[in-house]
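The chain contents come next:
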Amino acid sequence: MVRPISEEIAGAILNNQNDAASHYGAGQQGFSTEDIIWAVGIWSVILTLSPVIVFYMLMVA
């Protein structure tokens, strides 16, 4: 039987939520070291590139 697309998407979302819940554990709170390192890396890239992007926009505009 072929399920409608909406049911497949809903099933995928539920599966992803269950995977995330099992990955982090039922009662675990807070952020892991990996989460913090990832966030610091993302923010460092954003803050490093923002002056370059602003300068480019000023030169092009």
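Residues numbered from 1 in each chain as written. Predicted model: local features only at pLDDT ≥ 70, side-chain atom pairs only at ≥ 80, totals over all residues. Heavy atoms only, no water.

(A) Molecular detail of the overall build of the chain. Of regular secondary structure, the chain possesses two helices and zero strands. The 61 residues of the chain split such that 0% are buried. (Helix = DSSP H or I, 4+ residues; strand = E, 2+ residues; numbered from the N terminus. Buried < 20%, exposed > 50% of the residue type's maximum accessible area, 1.4 Å probe, protein only.)

(B) Examining the UniProt feature "transmembrane region" (unreviewed entry) in the chain more closely. Residues annotated in UniProt with the feature "transmembrane region" (unreviewed entry) correspond here to residues 36–58. When the span residues 36–58 is considered, its composition is 100% helix and 0% strand, and the gap between its end C-alpha atoms is 33 Å. (UniProt positions renumbered as here; feature names shortened; annotations may be inferred.)

(C) The arrangement of helix α2 (residues 33–60) in detail. With 28 residues, α2 extends 40 Å from end C-alpha to end C-alpha; this agrees with the ideal 40 Å at 1.5 Å per step. The principal kink in α2, of about 30°, is found at Leu49, preceding the proline Pro51 by one to four residues. The buried count for α2 comes to zero of 28 residues, which makes it a mostly uncovered element. (Expected span 1.5 Å × (residues − 1). Bend = angle between axes of the 7 residues up to and from the residue.)

(D) Looking closely at a nonpolar patch on the surface. Among the surface-exposed residues, Val45, Leu49, Val52, Ile53, Phe55, Tyr56, Met57, Met59 and Val60 lie close enough to one another that they form a single nonpolar patch of about 950 Å² accessible area. Considering the arrangement of structural elements, one finds Phe55 in helix α2. Relative accessible area serves as the criterion here: at 53%, Phe55 is assigned to the exposed category. (Patch = residues over 30% accessible without salt bridge, like charges linked within 9 Å, V, L, I, M, F, W, Y side chains within 5 Å. Areas by Shrake-Rupley, 256 points an atom, 1.4 Å probe, with all protein chains shown as cover. Salt bridge = Lys/Arg side-chain N within 4 Å of Asp/Glu carboxyl O.)

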